[in-house]
Amino acid sequence: MTENIKEESKADQSLQEDRLEAHAKTEENESKEEAEQVEADLKVQLCEPFPGLQTGLIRSADLFGYVGIESVLDQMRRKTVKAGFEFNIMVVGQSGLGKSTLVNTLFKSKVSRKSSTPNYEEKISKTVRLHAVSHVIEEKGVKMKLTVIDTPGFGDQINNQNCWEPIVKYVNEQYEKYLREELNVNRKRRIPDSRVHCCIYFLPASGHSLRPIDVEFMKRLGKIVNIVPVIAKADTLTVEERQEFKERIRQDLEANGIHVYPQRELDEDPEDRILNDRIRASIPFAVVGTDKEHQVNGHKVLGRKTKWGIIEVENVAHCEFANLRDLLIRSHLQDLKDVAHNVHYETYRVRRLNESNMNLSELVLKCHCSDFIVEIW
């Protein structure tokens, strides 16, 4: 009996070893195929810009010795750290949704218009007005010029018809300003960038679905700027209500053809697609903002104290603020700027240059016509 058990265990062990070996071989073959595919893709990319140019791929193992190409990354980092960079973020939503508090929580400093204005008085604006406040934030030697654009008056009136127009106008004005700087004969070495890189749109935690004003705003702004929708003061909803609300909002976004960041068509590779799919599954982010600290298990945490307990802002089990912060600052900040420049600004630039060419053609045609009439006369 004992011998039979031993033989069975040996058979099982050998079978397991065969399975592991087969699995290892499969993984090796898959990795080889992936490497070959990457190499083929890279060759195609290298050949695309110059069809008549012979190109090849030289790997690290094929080099005679150390060249130092990887030091370019250090050079780029030093240059960026020395020059600093700019990030312009717009917050849009009706009064009382905690826009200023959330921005302060994101950057862990008083950067909002309300916080940085002495003797600030809360007044409901009769019209939508835009206010921009800039700060230079330094962390571990890296400087960032942060500009927060607030939109007081949006959605606060009984009749909110066309309340998005001042915001659309502002975004386009910043594109126009940048375009004029680009077209100057003696342009600046580094053009000041006031273009909106990201717009956080605040949705009230109603638990129902998108309102007409939400649909109209995101439809229009989604074509010219990166929009990230968030559910404000999400602690007023239960976990089940929050999930149902998020699902309804995603359905409304799809039904109305609204494109929010990150856009699916702009995913550059499978790795980006996996990360961005995870983000898209979380949109809109259910967030809570606060600038107050509380003691929890001997540690100081940012949170809101209620009679039921403390809602920890950076605890993903309580809200999705940490996911929003990671998207805006830690993982996608540069991509937000790249999409704003290469997609939204480029679309505006092409349209404006085409309009200018058409106007110039009409002017030339009018001049020729007037000259012809003078000759006949």
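Located above this text is the structure these notes cover.
Procedures and definitions
- Residues numbered from 1 in each chain as written.
- Predicted model: local features only at pLDDT ≥ 70, side-chain atom pairs only at ≥ 80, totals over all residues.
- Heavy atoms only, no water.
- Pairing = 2+ DSSP bridges.
- Helix = DSSP H or I, 4+ residues; strand = E, 2+ residues; numbered from the N terminus.
- Phe/Tyr/Trp six-rings, centres within 6.5 Å; stacked < 30°, edge-to-face > 60°.
- Buried < 20%, exposed > 50% of the residue type's maximum accessible area, 1.4 Å probe, protein only.
- Core = buried A, V, L, I, M, F, W, Y, C linked by side-chain atoms within 4.5 Å.
- Contact = heavy atoms within 4.5 Å.
- Axes fitted to C-alpha atoms, helices over the stretch in contact; angles between N-to-C directions.

1. A look at the pairing of strand β9 (residues 309-312)
Right, so step 1: Both strand β8 (residues 299-306) and β9 contribute to a ladder of four bridges, which runs antiparallel. Looking at the pairing, K305 lines up with I310 of β9.
Right, so step 2: Joining the antiparallel neighbours β8 and β9 is a turn of two residues.

2. Quick word on the packing of aromatic side chains
Right, so step 1: This model, assessed by the stated rule, comprises six aromatic pairs.
Right, so step 2: Between Y175 and Y348 the ring centres are 5.6 Å apart and the planes differ by 40°, which places this aromatic pair in the tilted class. Pair noted here: Y175 is in helix α5 (residues 165-183) and Y348 is in helix α10 (residues 333-376), with a separation of 173 residues, a long-range link.
Right, so step 3: On the basis of relative accessible area, Y175 is assigned to the buried category, the value being 1%.
Right, so step 4: On the basis of relative accessibility, which here comes to 8%, the residue Y348 falls in the buried class.
Right, so step 5: For the ring pair Y178 and Y345, a centre distance of 5.2 Å and an interplane angle of 80° mean the geometry is edge-to-face. Taken together, the positions of Y178 in helix α5 and Y345 in helix α10 put the pair 167 residues apart, joining distant regions of the chain. In terms of burial, Y178 and Y345 fall into one category: buried.
Right, so step 6: An aromatic cluster is defined as three or more aromatic residues linked by ring pairs; in this entry it consists of Y175, Y178, Y345 and Y348.

3. Regarding the nonpolar core
One recurring pattern in soluble globular proteins: nonpolar side chains tend to sit buried together.
Right, so step 1: Formed by 73 residues in total, the largest nonpolar core has its most connected members in F217 and M218.
Right, so step 2: Ignoring anything within four residues of it in the chain, the contact list for M218 reads Y201, L203, L210, I227, P229, L253, I258 and V260.

4. A few points about the sheet that holds β9
Right, so step 1: Strands sit in the order β7-β8-β9 across an open sheet of three strands; the sheet is antiparallel. Of all the strands in the sheet, the pair left with one neighbour each is β7 (293-296) and β9. The average angle at which neighbouring strand axes cross in this sheet is 70°, direction not considered.

Geometric descriptors of this kind do not, in isolation, establish any biological role.
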